[in-house]
Amino acid sequence: MNYDVLIIGTGIAGLYTALNLRDDIRILIITKNKFKDCNSYLAQGGISTSLGKFDEEYYINDTMKAGNYHNDISAVKLLVKNSINNINKLIDIGVPFDRNLDKLRYTREGGHSQFRIVHVKDETGKAVIDTLLEAVSKKSNITLAEDTTLLDLVINDNICHGGVLKYDNNIYTVNSKFTILATGGIGGIFNSTTNVEYLTGDALNIALKHNIDIKDMEYLQLHPTVLYEPNVKGKKLLLSESLRGEGGIIVNKNKEQFIDSLLPRDVVSSAILNEISKTPEKPYVYLDMTSLSKDFLINRFPYLYSECLKRGYKMDKDLLPIAPAHHYCMGGIKVDLHSRTSTENLYAVGEASCTGVHGSNRLASNSLLE
Ligand code: SIN
């Protein structure tokens, strides 16, 4: 099979890349499971954006500080300066971000000095994926394929010529002028994670085999507020950081606040792990949402309110037991600011890639923007 562009992965990174390419280019996008089996679909909190020129410096500083200044500053500047245009583009494509009257409604998450996160209730990723999938499906130049796995890349003399794919127990070689890896992170390999189980670092594995440069793999992020469910292995229920942005706090077993709940994730997770170490027989602390009314919570966080209720917790009345779990891999396939890898005609985007933009700890809601 011959295509101009082969994209591996149908999360936001893969779909948005396809939509940003010219209409006269023949594109094949594949995913090894179903379109919605991706981390993007699970994203709750929202997408960060600069609020305007005045905010760019603050936003750059917030991103650098959260990343412990291990970030690539040129990548951070590029991300921040392009944020508003891309949010506007998503709005044009049809993403129904929440509004107060006609103005976008912004929330806040850890490490942000401003309310600058646009969202669709507490299911932002689902809304973006649904919208992008619909837009991609309307394009006659784009072919989408589920249940199709990348087995290998075709690389000669450090030039990528496409990929070897498996579908329905048949093997196909796709020749493509350009190949784009958008396969997400590695959360599926952890016992306790917010990620979907299928994220097993497949592209990273293939990249290692071909000596393609990898960067920052030692930087893994724990999300501080994941519902403590000792009997659930693998993917657990993320309790979005935006719950804290809207007034939730983290407390210990004595109902005392031991950490500012809106500090960057690595700091909050460390403080929680330290607190938990004092009571190994009860390895959790609590997220306290009880200062907010039931009406507000049901309206602003309908998904989480109902998921907690299914598990026996009334968010407006009960403390929610939480513990940190694996959430995000800051490292990945090393790329430049044009997403080029160290192999010619091979690109990587989204969590699978590493521009260095996140440093050693990603600022909340910068992943969907990236
Ligand atoms: C969350 O809603 O807390 C997750 C958002 C993110 O990972 O940036």
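Note that the structure is predicted; figures quoted are calculated from it, not measured. (Residues numbered from 1 in each chain as written. Predicted model: local features only at pLDDT ≥ 70, side-chain atom pairs only at ≥ 80, totals over all residues. Heavy atoms only, no water.)

1. Notes on empty space enclosed by the protein
Throughout the structure, instances matching the rule amount to one cavity of 30 Å³ or more. Its boundaries defined by the atoms lining it, the largest cavity holds a volume of some 30 Å³. As for the largest cavity, its lining consists of D216, M330, S353, C354, T355, G356, V357, H358, G359 and E370. Across the lining of the largest cavity, the residue classes break down as three nonpolar, five polar and two charged. (1 Å grid on protein atoms, 1.4 Å probe; cavity = no way out; pocket = protein on both sides within 12 Å on 5 of 7 lines; lining within 4 Å. Points joined across faces, edges and corners; volume = space filled by probe spheres on them. Nonpolar A, V, L, I, M, F, W, Y, C, P; charged D, E, K, R; others polar.)

2. Describing the site of the ligand
Around the ligand sit Q44, G45, H223, L238, S240, E241, R265, H327, R362, A364 and S365, and those are all the residues in its vicinity. Taking H327, its side chain carries an N or O atom lying 2.6 Å from an oxygen atom of the ligand. Protein coverage of the free-state accessible area of the ligand, which is 260 Å², stands at 94%. For the shell around the ligand, a count of residues per class yields two nonpolar, six polar and three charged. (Near = heavy atom within 4 Å. Polar contact = N/O pair within 3.5 Å; in protein donor to acceptor, adjacent residues only side chain to side chain. Areas by Shrake-Rupley, 256 points an atom, 1.4 Å probe, with all protein chains shown as cover.)

3. Digging into the environment of I87
With respect to the secondary-structure elements, I87 resides in helix α5 (residues 83–93). Under the relative-accessibility criterion, I87 is labelled buried at 2%. Expressed as a C-alpha distance, the spacing of I87 and R99, which sit 12 residues apart in the sequence, is 14 Å. In this structure, I87 is in contact with I47, S48, T49, F97, L104 and V118, ignoring residues within four places of it in sequence. (Helix = DSSP H or I, 4+ residues; strand = E, 2+ residues; numbered from the N terminus. Buried < 20%, exposed > 50% of the residue type's maximum accessible area, 1.4 Å probe, protein only. Contact = heavy atoms within 4.5 Å.)

4. Some points on a nonpolar patch on the surface
A contiguous nonpolar patch, built from M1, Y167 and Y172 and spanning about 290 Å² of accessible area, is present on the exposed surface. If you trace the backbone, Y167 turns up in strand β10 (residues 159–167). (Patch = residues over 30% accessible without salt bridge, like charges linked within 9 Å, V, L, I, M, F, W, Y side chains within 5 Å. Salt bridge = Lys/Arg side-chain N within 4 Å of Asp/Glu carboxyl O.)

5. Quick word on unusual backbone geometry
Although it is not a glycine, N68 sits at a positive phi angle of roughly 55 degrees. Looking at the element boundaries, N68 is found in the loop between α3 (53–66) and α4 (73–81). The backbone of D216 sits at a positive phi, close to 60 degrees, despite the residue not being glycine. By the element assignment, D216 lies in the loop between β13 (214–215) and β14 (220–227).

6. Details of the side chain of Q44
Mapped onto the secondary structure, Q44 falls in the loop between α2 (39–42) and β3 (47–48). Here the side chain of Q44 touches L238 through a polar contact of 3.0 Å, landing on its backbone oxygen. Sequence-distant contacts of Q44, defined by excluding residues within four places in its chain, comprise K121, D122, E123, T124, L238, L239, S240, Y303 and L304.

The values are spatial; any link to function lies outside them.
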